[in-house]
Each structure stands twice: as C-alpha cells, then as structure tokens.
Amino acid sequence: MSLFARAFAASCCDYRRLARRRLPQFLFDYIDGGANAEQTLAANSADFRQLQLRQRVLRDVSQCDTAGELIGQPASLPLALAPLGMAGLFARRGEARAASAAARCGVPFSLSSVGICSLTEVHAASAQPCWFQLYMLRDRNIVQDVLRNAWAQGCRTLLFTVDLAVAGIRRRDQRNGMHDPGWRGRCYKTWQLLQRPAWLMDVGLLGRPHHFANLSQCLANPADINGFKAWLDAQFDPSVTWADIRWLRQQWPGKLLLKGILEVDDALLALDCGADGMVLSNHGGRQLDGVSSSVAQLPSVVQALGGRLPVLLDGGVRSGVDVFKALALGAQGVLIGRPWAWALAAGGQPAVEQLLHGFKQELAVTMALCGVNRIEQIDRQMLRQTPLGPVSG
Ligand SMILES: Cc1cc2nc3c(=O)[nH]c(=O)nc-3n(C[C@H](O)[C@H](O)[C@H](O)COP(=O)(O)O)c2cc1C
C-alpha cells in the first residue's frame, strides 16, 4: 500500500501524508510547524490560492520550455531547493540524496550551515557545486573560515539568512519536548522514536554521523549533539546590523543573496549593501508570526527595486502553478522548503526527483494554458486583479 502510495504520489500533500507516517512525531512537526499560532505559515500558501490566472487560447504553445535562469545560473525550471537545517535526519544522508536529485533534475540545491552532511559529501553525491547558506555567528573568525571552506569547495552562491536575529517560538517543538534536554524530554522523544522503527533503523542508526558537519571544526566533540546545540545557540548573533552585511560583502567574492527580506525598506538597504539578489522570505512562517505572506509582499518589493536586483521568493510554493504565479508577479524564481523535505522523508532521492518532475510538468502545462512558450514571457497580465492587488502598478 505504502509502496504504491509512494510510487503514485502526485502532489506535495501526498508527500506530506507519507512523511507523517514515516517520521517520528517531533521530526515531522519540526518540518511542518511554524511560529506561534502559525498564521503566517497558513497565509504563505493561502495567498497563492487567492491569485487567479487568466486562461488564454489559440496561441501556438507547441514549443513550451520551462528553462530559466537563477542568479546567473541556468536551471531546467526557475526553482531551487531551499536550505533546511537537519535535513540529514529526514532520510539517510538526506542532504546528499536531495542534492543528487536536484542535480539530476537541473536545479540548484542549497545546503544549510546546520545541515548534517558536509559540503564535501554533498558535492561528491551531486557532482556539482551547491549554494551554501550561513547565519552570522558571533565569532567572525569562524564565519571567515566557513566562507573560505565553502569557496574552496566550489560554492559560488551564498544565501545569507537575515531573518533569524532570535529564534522564533515554535509551539510544536515545545509540545514535543524538543527544548527539554532533561529526562522527561528524552523519554518523550524516545517514545516517539519507538513508534517509527523503520526510521530508527534506516536513519537513526545506519544514517550516522548526525552532527552539523560544516561547523564541526568548531568543537572538540562534534558528536555531542546537545553540546553542539548549546554552542550554536550561543553563537547566533542578534546584534547583527547592515554594517555586518557590508563586511560580509567584502569577505565573499561570489554571489551574495540576502535571505529573509520582506519589506521594501530592507530590500532597498540590501541593494545599497551590494547584495546580488535576495530571497523574499519569512522563513516559511517559522519566525515572526503575524507578518504577511512573502507572495503578498512580492509586487511592492519588485516595483521598488525596479529591476536593479533579482528577487527570488519562498514560502508556500506548493506546485508549478505557484511557481508561475510568483514569476508573473516579478520573481526571477522560487525556492521550495517543506515540499522537498516531505518528499525526501517519504521516499528518498527518487521521491525528490519525482516531486521536481511534477513541478516542472505543472509549470509547463500552466504556461501552455496561459498561452506562453517561454519563462521570459510570463508577466503580470497573466493574473487577474485580486485582493492582493498584483496587477496594478
Ligand atoms: C525544517 C526547516 C528547516 C529550515 N532550516 C533553515 C536553515 O537552516 N536556514 C535557512 O536559511 N532557512 C531554513 N528554513 C527556511 C527555508 O529555507 C525556507 O525559507 C522555507 O522553508 C520556505 O517555505 P516553505 O517551506 O513553505 O517552502 C527551514 C525551513 C524548514 C521547514
């Protein structure tokens, strides 16, 4: 039954359902959940659903091509896999498997600095350099070391995450005992693990080691996951300002994308600091609950930038139709987070490939039925006026 369900999964919802059956509860909720009451999480995808397309007919769409460009890099569709911390726990050696799927499907993969697999392992699996994501750490020497290593390993695009000055409040994690290192938290997590023996064997035991490989040089004992987490929590630097971004700009010779911009004012500051682009994002609704969806912010940010910087968007993108809508509102491309996490957990690398094929096919069909053949032809005229107000301006 489960085999068939995996083989014939056709949407993000299918993968989500399968992932829920496979993962321990605390891990599924870590992926699935958002901050506080999860209003922004819900808005991210609800706002995509509010956007209506305009169906066009009789326009010779026999040459539909989804190939596009993301920050100067060709891609089979304008989509990249977003950085997800601890993805090496969603399936055995998860980041390496997902990066390999992304490479086979011709889209970029982003490795989180708090991923489980090292850059070396990811590059060996995918045979192409990935994008690398980093937060500002208090110890700037470590930041420089990590950047030097990423550059030496061939990474040329840095996603620098700016929306995590402090960690958002994730109630599901609290409820699952994720923040309790004591015996009660351990007992509760063990109980949850015992409900998922297949995951426990495949990932929990055979998928080791489970430390944050790209930061492991910073600690004497990287295998001590609790010690590592405490170190990392202490390293997150809430005092970061735009001056640090200017400093970062000098350190990183490759493409610098600021991830987690949501407001026009900040988008203009990013331009001022010499960024090469941005990811319009609210961290998938995991940080500040109550902010608007990223897609609702897209038209005003694109308009303010006036083509001076490429804008990628993430948050709530669940299909090729959503990709089309984001492009119509002026994004150069999108990142997907939870969808690849669910697919990876549900069926490993083949499922991530199947998911990406699905996105591509949906985008191609949407293009054809909206009457366009190429990505550059997608524009605001393909959307109807909606409560988000996208087509004016
Ligand atoms: C489980 C999980 C872990 C994440 N870890 C990171 C991370 O390490 N670094 C980062 O910049 N963003 C992280 N994000 C945010 C994603 O990169 C992305 O912004 C978000 O998932 C997009 O929304 P979506 O999940 O609705 O597609 C994480 C998101 C999830 C769901």
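Everything below is about the structure shown above.
Remarks on the site of the ligand
If you check the shell around the ligand, you find 24 residues, and the closest are Pro83, Ser112, Thr161, Asp314 and Arg318. Gly85 is positioned such that a nitrogen or oxygen atom in its backbone is 2.9 Å from a nitrogen atom of the ligand. Gly316 is positioned such that a nitrogen or oxygen atom in its backbone is 2.9 Å from an oxygen atom of the ligand. Summarising the interface, the protein chains cover 99% of the accessible area of the ligand, which totals 600 Å² for the free molecule. Listed by contribution, the elements that provide at least two residues to the shell around the ligand are helix 3 (25–32) and helix 16 (338–370). For the shell around the ligand, the residue count by class is 9 nonpolar, 10 polar and 5 charged.

Quick notes on the packing of helix 13 (residues 264–272) against helix 14 (residues 294–305)
Contact geometry of helix 13 with helix 14 gives a least axis separation of 9 Å together with a crossing angle of 35 degrees. The interaxial crossing formed by helix 13 with helix 14 has right-handed handedness. Between helix 13 and helix 14, the residues in contact are Val264, Ala267, Leu268 and Leu271 and Ser300, Val301, Ala304 and Leu305, respectively. Looking at the contact of helix 13 with helix 14 residue by residue, the classes come out as 7 nonpolar, 1 polar and no charged.

Comments concerning unusual backbone geometry
Residue Pro209 follows Arg208 across a cis peptide bond; omega there is 5 degrees. A positive phi angle is found at Arg93, which is not glycine, with a value near 50 degrees. Summarising the element assignment, Arg93 is placed in the loop between strand 3 (79–81) and helix 5 (94–105). Here the phi dihedral of His283 falls at roughly 60 degrees; this positive angle occurs in a residue that is not glycine.

What counts and how
- Residues numbered from 1 in each chain as written.
- Predicted model: local features only at pLDDT ≥ 70, side-chain atom pairs only at ≥ 80, totals over all residues.
- Heavy atoms only, no water.
- Near = heavy atom within 4 Å.
- Polar contact = N/O pair within 3.5 Å; in protein donor to acceptor, adjacent residues only side chain to side chain.
- Areas by Shrake-Rupley, 256 points an atom, 1.4 Å probe, with all protein chains shown as cover.
- Helix = DSSP H or I, 4+ residues; strand = E, 2+ residues; numbered from the N terminus.
- Nonpolar A, V, L, I, M, F, W, Y, C, P; charged D, E, K, R; others polar.
- Axes fitted to C-alpha atoms, helices over the stretch in contact; angles between N-to-C directions.
- Left-handed = near helix turned anticlockwise from the far one by under 90°.
- Contact = heavy atoms within 4.5 Å.

The values reported here are purely geometric and, on their own, carry no functional implication.
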